[in-house]
Amino acid sequence: MTVTLDVAEGVGTLRLDRPPMNALDVATQDRLRELAEEATRRDDVRAVVIYGGERVFAAGADIKEMQNMDHTAMVLRSRGLQDAFTAVARIPKPVVAAITGYALGGGCELALCADYRIAADNAKLGQPEILLGLIPGAGGTQRLPRLVGPSKAKDLIFTGRMVKADDALAIGLVDRVVPAAEVYEQAHTWAAKLAQGPAVALRAAKEAVDVGLETDIDTGLAVERNWFAGLFATEDRERGMRSFVEEGPGKAKFL
């Protein structure tokens, strides 16, 4: 399998495994969508790590495969490409990308689908599609500017240049830079901590933020208001408030 889902301590690891560079061919894209949807459904998966292994996250699309596709073929395939990445972005649980080595093109776009990005100090990220006479097609023109702002996104997309981990951190493309040997461990620790939290409230927080970014503030506030009130019907809310009153803040256990 080119992508696997392994679960431990409430954390599901979506592991890309297509040596040597984890090129995202059609089969890998489809498998990624299937497992993202499985992670969404499974109650034992409470947070997710996206990981490409110790050497590389994903170096982009399979160019040899794409070279043989004409306009008609890509019209038919482009929706499937975007759907695979959207399935990851819409996992209603905390998702962290553990980025090692190259995260280029589709690899960078996959990292953009996470809620949080931890990069190795030797990682390199970028959207080099322009160098092939193309533009990003798996969400890069949409998710990248929402994350780093339009001018920084246009710089990366127009030039196709790669940025090193520290530069990616400076522009907000990644959230933390750590030694390469610690990337997965730190990503799993981040995810495992959140996996112990209130699952419905985390889902609500993610949806409220994501929907709010896509709409006007009044609609976003309505989404927040409805979720906020709705959480008063959950056991986690009862448990959290009872623990706060009886034991003080930050001691509630939700599992």
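This structure is a prediction, so every number in the text was calculated from the model and none was measured. (Residues numbered from 1 in each chain as written. Predicted model: local features only at pLDDT ≥ 70, side-chain atom pairs only at ≥ 80, totals over all residues. Heavy atoms only, no water.)

When its secondary structure is counted, the protein chain shows 11 helices and nine strands. By the compact-globule yardstick of 18 Å for 255 residues, the protein chain fits well, its C-alpha radius of gyration being 19 Å. Based on the C-alpha atoms only, the size of the protein chain along its principal axes is roughly 65 × 40 × 35 Å. Burial statistics for the protein chain: of 255 residues in total, 44% are counted as buried. Counting only contacts in the protein chain whose residues sit at least 6 apart along the sequence, the fraction spanning at least 24 positions is 70%. Counting only carbon and sulfur atoms, one obtains 55% of the accessible surface of the protein chain, whose full area is about 13,500 Å². Of the side chains in the protein chain, 31 bear a positive and 36 a negative charge, and the two mean positions are spaced by 1 Å. (Helix = DSSP H or I, 4+ residues; strand = E, 2+ residues; numbered from the N terminus. Rg over C-alpha atoms; globule rule 2.2 N^0.38 Å. Buried < 20%, exposed > 50% of the residue type's maximum accessible area, 1.4 Å probe, protein only. Contact = heavy atoms within 4.5 Å. Areas by Shrake-Rupley, 256 points an atom, 1.4 Å probe, with all protein chains shown as cover. Lys, Arg positive; Asp, Glu negative; His and termini not counted. Charge placed at Lys NZ, Arg CZ, Asp CG, Glu CD.)

On to the sheet that holds strand E2 (residues 11-16). Read across the sheet, six strands follow the order E1-E2-E3-E4-E6-E9 without closing on themselves; strand pairing throughout is mixed. On the outer flanks of this sheet lie strand E1 (3-8) and strand E9 (176-178), each paired with one strand and no other. Taking the axes of each pair of neighbouring strands and ignoring which way they run, one obtains an average angle of 20° across the sheet. Where E2 and strand E3 (residues 47-51) come together, five bridges link them in parallel fashion. Bridging from a neighbouring strand, threonine 13 pairs with valine 49 of E3. (Pairing = 2+ DSSP bridges. Axes fitted to C-alpha atoms, helices over the stretch in contact; angles between N-to-C directions.)

A surface patch of like charges, here negative, comprises Asp121, Asp166, Asp167, Glu182 and Glu185. Its location among the elements puts aspartate 166 in helix H7 (residues 165-171). Looking at aspartate 166, the relative accessible area reads 55%, which means it is exposed. (Patch = residues over 30% accessible without salt bridge, like charges linked within 9 Å, V, L, I, M, F, W, Y side chains within 5 Å. Salt bridge = Lys/Arg side-chain N within 4 Å of Asp/Glu carboxyl O.)

For the rest of this paragraph, the subject is the pattern of salt bridges. Enumeration over the complete set of coordinates arrives at 13 salt bridges. A salt bridge links lysine 206 to aspartate 115; the nearest nitrogen and oxygen atoms lie 2.9 Å apart. Remark: aspartate 115 occurs in the loop between helix H4 (106-112) and strand E6 (116-120) and lysine 206 occurs in helix H9 (residues 199-213); sequence separation between them is 91 residues. Residue class for aspartate 115 comes out partly exposed when judged on its relative accessible area of 31%.

The three strands are arranged E5-E7-E8 in an open sheet whose pairing can be described as mixed. The open sheet terminates on both sides in strands that have one partner only, identified here as strand E5 (102-104) and strand E8 (162-164). Across the sheet, the mean angle from the axis of one strand to that of its neighbour is 20°, orientation sign disregarded. Here three bridges tie E5 to strand E7 (residues 124-126), and the two strands are oriented parallel to one another. Residue pairing for E7: tyrosine 102 is matched across the bridge by lysine 124.

If you check H9, its first and last C-alpha atoms are 21 Å apart, about what 15 residues at 1.5 Å a residue would give, namely 21 Å. Of all the positions in H9, only Ala204, Lys206 and Ala208 are classed as buried. Looking at the packing, one finds that the buried side of H9 touches helix H3 (71-89), strand E4 (95-99) and helix H10 (217-230). (Expected span 1.5 Å × (residues − 1).)

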